[in-house]
Structures are given as C-alpha cells and as structure tokens.
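# Geometric and topological summary
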Amino acid sequence: MFAMTAPPLETLKAKLANHQAVIGIVGLGYVGLPLMLRFAEVGYRVIGFDVDRAKVESLNQGLSQIEHIPSAAIAAARAAGFEATTDFSHARAADVLIICVPTPLDRHREPDLSYVIGSMESLVPHLRAGQLVSLESTTYPGTTDEELKPRIEAAGLKVGEAVFLVFSPEREDPGNPNFCTRTIPKICGGVTSACLDAGIALYSRIIDRVVPVSSTRAAEMTKLLENIHRAVNIGLVNEMKMVADRMGIDIHEVIDAAATKPFGFVPYYPGPGLGGHCIPIDPFYLTWKAREYGVHTRFIELAGEVNHAMPEWVVGKVADALNQRGKALKGSRILVLGIAYKKNVDDMRESPALAMMDLLHRKGALLAYSDPHVPVFPTSEEHPFELVSEPLSPETLARHDCVLVATHHDRFDWDMISQHAGLIVDSRGVYREPASHIVKA
C-alpha cells in the first residue's frame, strides 16, 4: 500500500514503476488500440473508454475492428485484464488518462475540438488527485493549456501539484512493418516540470526513447511540423508532376535520379491527393491558430491548395484518356483500384479515392471498385455509394472502360491487371514502363 501522505507525483511514479498503475485510454481507434496493447503487453491493467457502444462490445468479446490489429491481440489483452466501457465514471479508478480522440475539421475547414473537449468534460467529474492526463490528439499549439488545464482546475485540482497534464502526440503509422508503438520515439511536453516528470515516467515504461520538450506548446507544434513537412513536400512534387506531364517527362524517373544524390535531397512521391487523418488536416490547425498572431501561412496554404486539387486533376486525366479513345466520361464504366488512403491498410479517412469517386459520379461515370482491405463500401451521407469490392479477374477488368489506380495495394496482381485492362490511368506510379494502354496521372 502507498502512504496517503506521499506527494501525488511520487505516488504516481511509484505505481508506474511497480506496474500497479491503472491506465485509462479514451478513444479506442487507430491510435488508442495500439497504445492499449502496448500497456497491456508490459503488465498494466488498462481501461478503455469509447462512446461507440458497438465498438466497446466488440472489444470486450476480444474482436478487433481494425484490419492490421488481429483479434488475437485484443483477446490476449482481455485475458490480461483489459476492459472497454462507455461509462466514464470508471475514470476515477485510473491513475493515467490518455486522450486519443479525433481532431477533424468542421465544414468551414476550421479545427473541430469537440471530441477533445467532450472527452475532457466527461472525465472532469471523475478526476482525483494523483492522476496524469495526457492528450495525444493532434491539435494546434495552446490546446492543452488553454482548453484542458482550465477545465481540470475548475474542478479544484491544481495542475502540476494535484493532477499532472502533458501533451504527447501520437506517431502511429498503420501498416508500416518497420516501426511499432515501442520503437517510435515519443515526444512529451508538460504544463509544468512536475507534469513533464510524470509524463516521462509513464511513457518510458512502454517506449524505447522518450524525447522531452520544454512545453506542451512545443510538443503540439512538433507534431504539426512533422505532418506539414510532408504535406508541403508532397505538394511540391505534385506540382512538379503536373509540370513534367505537360513537358512529356516521367516524374518518377526524375525523382529516382534525384534520389541518387547522397545529401540534400529526400524523395517524395506524387499521388492523387493526401489522405489519412493527419496530413490533409494538420496544416489547417496551424494556419487557423497563426491568424490569431497576425501571421498568414502562405507557403503552407499554397501546398494545401495544390494537394486539394489533385483528385480533380487525375479525373481530368481519366476524361482525356477516354476521349482519346472515342468515349465520353459520362456513361463509361470506371473500376477504381483501392479506396483506402494508403497501401495495405483498411483506413479510408480523407482518402483521395473517395474524392475522385465523387467527381466521377457527378460527371456521370458508372463506378465500381476493388479493394481487398475494404470488402464493403461504408456508405455515408457524404459518399452514398452502395458498392461491394469487385473480385479482380480478366473478365472484370475487360468489361470496364477504364481502370483507375487510386491505391497501390501489394495484394493486387499488377501484371494481370496490365494484361487484361483496356485502359489504365495510374495515379500512383505503379507502372514505370511506357505502354499504349497506360496513362500516368
């Protein structure tokens, strides 16, 4: 037993060191689930919180709803004591509460912190002295100390003395076989030095390397820089692709040649637009916050405009390719290969394939898709396609007027596709050798 008179920070650190701390994770999706599995793996009891009752019931049955996370891993965590719940009153039993909820954009493309604030307000009535609260959701600098800290202290708990508050951005890369939760270095910034101490004590138990920074704002900005760096460079190479296309130059040949330079160049590859929950969204979090300081982030916004325009550019290439073969886009049968936002995953968040399907549909094309990772199209009000994945065969390929490569999954038989498709529009650079029936987009 721990002495009740021990300082809250020392009590928390002792519980973490002895694996007696209870870990609470709010949001059991692409970020929260891998984190839960890692804590359970090293011997902590984990309580998972989510507002999705169906997801909670599925997890408590030992079933995963994410393709790259096997149900056997969930079942093993359940056997080790993991429990999911929709009841936030269980937060009082947790020594650590880690918030891993979405931070999307609203319809005006401005930050929507409703999930973060809603989660915090659901937790506040159940907070107690000695707990650590960590926000992992990507957001603009200032969120942790402007939105979370006042809500905690309004409950009578002084941050840095009674409760400890940190920001530690998630760095998950679903489907990447080279990295896992344990091996990806973890950034951590605290509201106070005591908060940072608590955060390091937590994450050093499950992550090989914890990288402390001076504040939560520095940690928040670090995550934005990581993703804006990618967004800007992808915007650059997408613009280069359009220039090269007009000049009759293969942009992939150019990138491969440039990448032979052993210094000063990092290869980025063009595509049909940005996808995933981070890279298409994060730049808007910074540009929105920067306006508060009188700064216009022109460079970042320009890259966003280029990337946002890519689905329409690819659809234009589809229309041109059909036109050259005497066919109109309206009424043509288009088979979209891959609707996930990147290869070898089932994650469709912000997928450019969906934007292209919307554009093609509005122009009168007859759509079908094939994606081994997404067997049934998740119909929504925004994307009302009642479709199931088409099994790829010579017959399936032959009966479509155009095959659009939107996501380059490894499970596709690219040789067979090339042999039997009459027209391929390749937005991912799968086919490097020129062919009369392949149009690079």
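Residues numbered from 1 in each chain as written. Predicted model: local features only at pLDDT ≥ 70, side-chain atom pairs only at ≥ 80, totals over all residues. Heavy atoms only, no water.

Reading across from one edge, β3-β2-β1-β4-β5-β6-β7-β8 is the order of the eight strands in this open sheet, with mixed pairing throughout. With partners counted over all chains shown, the strands left at the sheet margins are β3 (83-85) and β8 (210-213), one partner each. Neighbour-to-neighbour, the strand axes of this sheet turn through a mean angle of 25 degrees, independent of strand direction. With three bridges connecting them, strand β2 (residues 45-49) and β3 associate as parallel partners. When the sheet's bridge partners are listed, I47 is paired in β3 with E83. (Pairing = 2+ DSSP bridges. Helix = DSSP H or I, 4+ residues; strand = E, 2+ residues; numbered from the N terminus. Axes fitted to C-alpha atoms, helices over the stretch in contact; angles between N-to-C directions.)

For the structure on display, the rule yields 27 salt bridges. Across the salt bridge formed by R411 and E67, the nearest N and O atoms sit 3.8 Å from each other. Of the two residues, R411 is situated in the loop between β11 (402-405) and α14 (414-420) and E67 in the loop between α3 (53-60) and α4 (71-79); the sequence distance between them amounts to 344 residues. A salt bridge links K149 to E153, with the shortest nitrogen-to-oxygen separation between them at 3.4 Å. A residue pair is termed a helical-turn pair when its members lie 3 or 4 positions apart in one helix, as K149 and E153 do in helix α6 (residues 143-153) at four residues. Each member of the salt-bridge network shares a partner with another, and the members are D145, E146, R217, K289 and E292. (Salt bridge = Lys/Arg side-chain N within 4 Å of Asp/Glu carboxyl O.)

What follows covers the packing of helix α5 (residues 114-123) against α6. Between α5 and α6, the least distance of the axes is 10 Å, while the angle of their chain directions is 15 degrees. Judged by the inter-axis angle, α5 sits roughly parallel to α6. Handedness of the crossing formed by α5 with α6: right-handed. Between α5 and α6, the residues in contact are V116, I117, M120 and E121 and E147, L148, R151 and I152, respectively. Split into classes, the residues belonging to the contact of α5 with α6 amount to five nonpolar, no polar and three charged. (Parallel < 35°, antiparallel > 145°, perpendicular 65-115°, else oblique. Left-handed = near helix turned anticlockwise from the far one by under 90°. Contact = heavy atoms within 4.5 Å. Nonpolar A, V, L, I, M, F, W, Y, C, P; charged D, E, K, R; others polar.)

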